[in-house]
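# Architecture at a glance
The chain contents come next:
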Amino acid sequence: MDYRLCGPLSFFWPSSASLLLSSSNRMLPSYTSSRSLKEGTFSDFLAQQHLARAQSAAANSAVASQPFIDYYDEIYLGDIGLGTPYQNLSVVLDTGSSNLWVIDKACTTTACKGDPSSGYSHHQFDTTVPKMFAVVYHVLSRPICSKSSTFVKSSQPFVIFYGSGDCRGNIATDVLNLAGLVYKTQGLGVATTISSTFGYQPEDGETYAQWFMIRPLFTVWLDRHVKPSQAKLGGLITYGALDKVNCDAHVDYVTLSSQTYWQFPLSGFSIGTFASNAQADAISSSGVSWIGAPASAVQGIAQTTGAKFDWFNQLYTVKCKGSYPDMVFTIGGRAYNIPSSEYVIDLGLGGGNCALTVFEQLGGGFGAAWTLGDTWIRTYCQIHDVGQGRIGFARAHHSEI
């Protein structure tokens, strides 16, 4: 193993304290489930990170872009560098989360490594600490540290619950490089236990897609491929600027109804002859594949499109070769249309059947009634205006549809 020398130039003697100081220092929800986050003290810890990042905005003032890696128009990942030197990991860039977590290499379960039947193998963050011993170079000596010389682990545990599983481990800090933007003391969770669901998914962890710069906004653009495939370029996050190449120049903004998420008021929804004018809140989240909707809306969508529920795959299906009306969302007094080319996708189900990209939102009356995931974001670029507490929508450009 390629251990490196680190630490101050001084004689080293092993101790439990120096072991910590010298040590080197993901999962999408099932698309048929509502995403629910129940976090312990991890969110409080990261709130301090947000504040520190805002105060050091000048260090990351440049505009930067981060490509998405598209897996079948279902999961969108981005590469990050973590540690010193950087270890490359592919994580979910999630606008519906406030967390960064990765899988610890010390975890040897099938879920952590990637289930062989899925075809995915995970890159795990190497936090291994070798047995410390004195190494004398001439007269001086330094401790040997593990893969990252900047990793600092804490004893504080974390656990995050999702709609289809959970991850848990310990909080730590290390250097993070995201699209060339570097934060030297980034808080993160190092997961030592993750649910089996993760083993069937390509991501190595998850991070929130929110960074503070001189211009505190970022744009999310997701591409759409007619024939979904694995590991294709699937979009772009632009930090600190509008994406004027992949999005229309005209942006309609709406003020956030809650700044706990990218949450805003939704005043109406319709598809075909079904319509609902119930006032509700919606969340924009790039970490959710489909559209989460109230039960009444899901039933209306299914009835209008003639969809049937596939109990084996736990999703609604329609014939791929069919004509279906637009979904229409009313936000801020404006109608936003989602064509069937976005909400009907081919997952290889066979029999000429395609998936309807909606699921019933199971909130029990708590939280937003709608989650507008990748199906929504592929149609409209999301302009996250951190500075003014609002979110904007601009028509997305695609080359294949």
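Residues numbered from 1 in each chain as written. Predicted model: local features only at pLDDT ≥ 70, side-chain atom pairs only at ≥ 80, totals over all residues. Heavy atoms only, no water.

## Details of the overall build of the protein
When you go through the protein residue by residue, the secondary structure sums to six helices and 31 strands. Of the roughly 17,100 Å² of accessible surface on the protein, a fraction of 56% belongs to carbon and sulfur atoms. (Helix = DSSP H or I, 4+ residues; strand = E, 2+ residues; numbered from the N terminus. Areas by Shrake-Rupley, 256 points an atom, 1.4 Å probe, with all protein chains shown as cover.)

## Topic: the confidence of the model for the protein
Where the model shows low pLDDT, its predicted coordinates should not be examined in detail. Confidence in the prediction for the protein averages 75 pLDDT; 69% of positions are at 70 or higher. Mean pLDDT across the secondary structure elements of the protein bottoms out at helix α1 (residues 16-22), with 22, and peaks at strand β24 (residues 327-331), with 98. With pLDDT under 50 throughout, residues 1-61 is counted as low confidence; its partners more than four residues away or in other chains account for 199 contacts. (pLDDT = per-residue confidence, 0-100. Contact = heavy atoms within 4.5 Å.)

## Quick word on the pattern of salt bridges
Tallied over the entire structure, the rule returns five salt bridges. For the salt bridge of Lys105 with Asp126, the shortest nitrogen-to-oxygen distance reads 3.8 Å. Residue Lys105 is located in the loop between β6 (101-103) and α3 (110-113), and its partner Asp126 is located in the loop between α3 and β7 (136-137); the two are separated by 21 residues in the primary sequence. Accessibility expressed as a relative area gives 3% for Asp126, which makes it buried. Salt-bridge contacts for Arg378 lead to Glu342; the nearest nitrogen and oxygen are separated by 2.8 Å. In this pair, Arg378 sits in helix α6 (residues 374-379) while Glu342 sits in helix α5 (residues 340-343), placing the two residues 36 residues apart along the sequence. Across the pair, exposure class does not vary: Arg378 and Glu342 are buried alike. (Salt bridge = Lys/Arg side-chain N within 4 Å of Asp/Glu carboxyl O. Buried < 20%, exposed > 50% of the residue type's maximum accessible area, 1.4 Å probe, protein only.)

## Regarding the sheet that holds strand β18 (residues 268-271)
Strand order across the open sheet formed by four strands is β19-β18-β24-β25, with antiparallel pairing between neighbours. The open sheet terminates on both sides in strands that have one partner only, identified here as β19 (274-276) and β25 (334-338). Between one strand axis and the next, the sheet turns by 15° as a mean value, whatever way the strands run. Together, β18, β19 and β24 form the strand contacts of helix α4 (residues 295-305), whose direction differs from that of β18 by roughly 20°. (Pairing = 2+ DSSP bridges. Axes fitted to C-alpha atoms, helices over the stretch in contact; angles between N-to-C directions.)

## Here we look at the side chain of Thr219
As for its placement among the helices and strands, Thr219 is situated in strand β14 (residues 217-222). Within polar-contact distance, the side chain of Thr219 engages the backbone oxygen of Ala241 at 2.9 Å. (Polar contact = N/O pair within 3.5 Å; in protein donor to acceptor, adjacent residues only side chain to side chain.)

## A short note on the environment of His250
Secondary-structure assignment places His250 in the loop between β15 (232-239) and β16 (252-255). What makes His250 exposed here is its relative accessible area of 53%. The spacing of His250 and Phe393 is 143 residues in sequence and 8.5 Å in space, taken between C-alpha atoms. Those residues in contact with His250, other than ones at most four positions away along the chain, are Phe393 and Ala394. A polar contact is formed between the side chain of His250 and the side chain of Asp252, at a distance of 3.1 Å.

## Some words on the packing of aromatic side chains
Counted according to the given criterion, the structure contains 17 aromatic pairs. Where Phe269 meets Phe329, the ring centres are 5.0 Å apart and the plane angle is 50°; that geometry is what we call tilted. Highlighted residues: Phe269 in strand β18 and Phe329 in strand β24, separated in sequence by 60 residues. Phe329 shares its class with Phe269; the two are buried. When the ring of Phe329 is compared with that of Trp376, the centres are 5.7 Å apart and the planes differ by 75°; the resulting orientation is edge-to-face. Placement of Phe329 in strand β24 and of Trp376 in helix α6 is noted, with a sequence separation of 47 residues between them. Each member of the pair, Phe329 as well as Trp376, is classed as buried. Chaining the aromatic ring pairs together yields one cluster made of Phe264, Phe269, Phe274, Phe329, Tyr336, Trp370, Trp376, Tyr380 and Phe393. (Phe/Tyr/Trp six-rings, centres within 6.5 Å; stacked < 30°, edge-to-face > 60°.)

## Looking at the sheet that holds strand β26 (residues 344-345)
If you trace the four strands from one edge of the open sheet to the other, you get β22-β23-β27-β26, paired in antiparallel fashion. Each having just a single partner strand, β22 (308-310) and β26 make up the two edges of the open sheet. Sheet analysis places strand β23 (residues 315-319) next to strand β27 (residues 353-356), joined by four bridges and oriented antiparallel. Looking across to β27, one finds that Val318 is bridged to Cys354.

## What to know about the pairing of β14
Judged by how many residues are buried, β14 sits mostly within the fold: six of six residues are covered. Here β14 shows a buried face lined by Leu217, Thr219 and Trp221 and a second buried face lined by Phe218, Val220 and Leu222. Judged from the four bridges that link them, β14 and strand β30 (residues 380-385) form a sheet pairing that is antiparallel. For Phe218, the partnering residue across the bridge sits in β30 and is His384.

## Considerations on the state of the cysteines
Inspection of the entire model under this criterion finds three disulfides. The disulfide partner of Cys107 is Cys112, and the gap between their sulfur atoms is 2.0 Å. The chirality of the disulfide connecting Cys107 with Cys112 is right-handed, given an S-S dihedral of about 80°. On the basis of relative accessible area, Cys107 is assigned to the buried category, the value being 5%. (Disulfide = S-S within 2.5 Å.)

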